[in-house]
Every structure is written in structure tokens, then in C-alpha cells.
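Here's the letter readout for the chains.
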Amino acid sequence: MHKSKELQEFLLEKAWQLTEEWYESLDKSETSGVYRTKDPKAIKLLKEQNYSFHLHFCNLFVQDEPVFLKELEGWVLKVASDEQHLSTPEYLIVREFFRTRDQYLTFINEFLFHNQDTYSQEVIDLWNHYIVKTIDKIVVWYIERYHEFSLKRLQSQQEMINELSSPVITLHEEVALLPLVGDIDTMRAKYILEQTLQQCYEKGVNKLLIDLSGVVMVDTMVAHQIFQLIESLELIGVHAIISGIRPEIAQTAVQLGLNFDNIDVSVKLANSIQALALNK
């Protein structure tokens, strides 16, 4: 059996020393991430997180594995979702787990030095085996959680970018402008459709200028969805006027057989605004 109350107590007594030695030997020259911080509060938090890990990890030698891993889960979830750790490259985090593993292997030797001939080689090998095995398991577990939180944060950022990149800007009373800039893929086109309809409805818009002069390229599906947007706007009482259609977009639309007969088209946004001013 790898369990040993004596070893657990020895490691618990060394827990803060483990943290201090780990931090002192930490490579703080990295260009980004939690480990290079010079903020005293951030350093204090980093040490507390590391110390908390040791308090949990020492229980490896007294608890059954399912209980041990369940208790450690809270630490993994908390640290993996920490903003400072999320901004730290994964390979740096993995490196620190492995350095911590080496710390434990070293302290096992120190424990054995003070308890010579007390434990069999079989028991010693089991301790080392469980340390390596458990750290490996925690690394995989941590990276899985880290990846989940990173994807959620990325999705949230993408939604914010999409929202900012498709604003309906009120120009005058019931007239608004939708300036589209950059590449439009199928996902963004779907988002533009949903958000534009919602914003036009909420703002009471009846004329919407859609400016495509900042759009470099669209594929066949996106061109079709832009026309779907125009048709959907008509259904809620919003008349769309398109400006700034590039030759590539026009060519794609013609190849699709999309009908421009009932759509107001202007070469430049300024022309659309001027026409609206004259008709006011």
C-alpha cells in the first residue's frame, strides 16, 4: 500500500517550503502569463494557489483515490478558470506541474533520509509511482478544463466582436446605417441577419442603409444571406438601400441569379445619404 500518515504529515509540514522554493526557482523571464507578474497581490495569490495545491496533494498518501481526486477537483476548476492562468501559455503551466512533481520526488528522498531502513523499496517505488501517475492525471485534467474555459472565453469574445462589427447606427429619426467591414463568413452573416432585424425593430427604423464598401469578399452562401437580410427587412417594414457593392460581390450575386430589380443600389454611401436628404 502507498498510504502513509507519517509521509503525509511530513509533506504537510513542508507545504509552505515547497511553495517558497517553487516560487524562488520560477523562471520569471517569460514575456507573458501569470508567472512573470510583479504585482504583490498577484504574487500572493499565486503562492496561495500553489500552497493550496500542496494541502490537497498531500492527502494522496492517506485518502482513497476517488475521494482524493474529488477534493482536488475544486482546486483544478478554480485555477483553470482563473483569468491570469487563462492568459498563460499551456506549456508553461504543464512545465510547472512537472517541476512540482520533481519537488515531491526530492522530498520523498528527504523523508527517507530521516527514516532510514523503515520502509521497503516496494513501498518507496509505490510512492514514486503514485506521485508521477497522479501529477500526469492532474495535468491532463487541468488542460481539459483549461481548454473548456478558453473556448467559452473565445466564444464570448467572438460574440462581442460580432456585435460591435454589425451595429445599426441611427442617422435621423427612422433612418439608420449598417456599415459592414471585413470578411463575412456564413456564421457572421447569420449573426448579422439576426441582430440587424432585432435592432431595426427596437429602434423603429423604416429605412436602412447597408454599406458594403468595407467588405472585401463574400462566398456564395453569404451573398445569398445578404439578400435574405434585405427580404427579411422588407417583411418588418424596413426598406433597405445598398451601397458600396464591390465588383466581386456583384459578380457573385449575378451568378446566383439574385434579383436587384426591387433593391435600391448606390455606388457610394454618400450618394445614398444625399438621396435620402433630398427626399426628406
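Residues numbered from 1 in each chain as written. Predicted model: local features only at pLDDT ≥ 70, side-chain atom pairs only at ≥ 80, totals over all residues. Heavy atoms only, no water.

**A short note on the packing of aromatic side chains**
Enumeration according to the criterion identifies 15 aromatic pairs in this entry. With a centroid separation of 5.3 Å and 55° between ring planes, the pair formed by Phe-10 and Phe-111 is classed as tilted. With Phe-10 in helix H1 (residues 5-13) and Phe-111 in helix H6 (residues 90-114), this residue pair connects regions lying 101 residues apart in the sequence. Of the two residues, Phe-10 and Phe-111, both sit in the buried class. (Phe/Tyr/Trp six-rings, centres within 6.5 Å; stacked < 30°, edge-to-face > 60°. Helix = DSSP H or I, 4+ residues; strand = E, 2+ residues; numbered from the N terminus. Buried < 20%, exposed > 50% of the residue type's maximum accessible area, 1.4 Å probe, protein only.)

**Considering the sheet that holds strand E1 (residues 169-172)**
Read from one edge to the other, the open sheet built from 5 strands follows the order E1-E2-E3-E4-E5, with strand pairing classed as mixed. One side of each edge strand has no neighbouring strand; the edge strands of this open sheet are E1 and strand E5 (264-266). In this sheet, neighbouring strand axes are inclined to one another by 25° on average, regardless of whether the strands run parallel or antiparallel. When strand E2 (residues 175-181) meets strand E3 (residues 207-214), the two strands line up parallel, connected through 6 bridges. Bridged to Ala-176 within E3 is Leu-208. (Pairing = 2+ DSSP bridges. Axes fitted to C-alpha atoms, helices over the stretch in contact; angles between N-to-C directions.)

**Some details on the side chain of Asp-211**
With respect to the helices and strands, the residue Asp-211 is situated in strand E3. A distance of 2.8 Å separates the side chain of Asp-211 from the side chain of Ser-243, its partner in a polar contact. Beyond its immediate chain neighbours, meaning those up to four positions away, Asp-211 contacts Leu-177, Leu-178, Pro-179, Leu-180, Ser-243, Gly-244 and Leu-269. (Polar contact = N/O pair within 3.5 Å; in protein donor to acceptor, adjacent residues only side chain to side chain. Contact = heavy atoms within 4.5 Å.)

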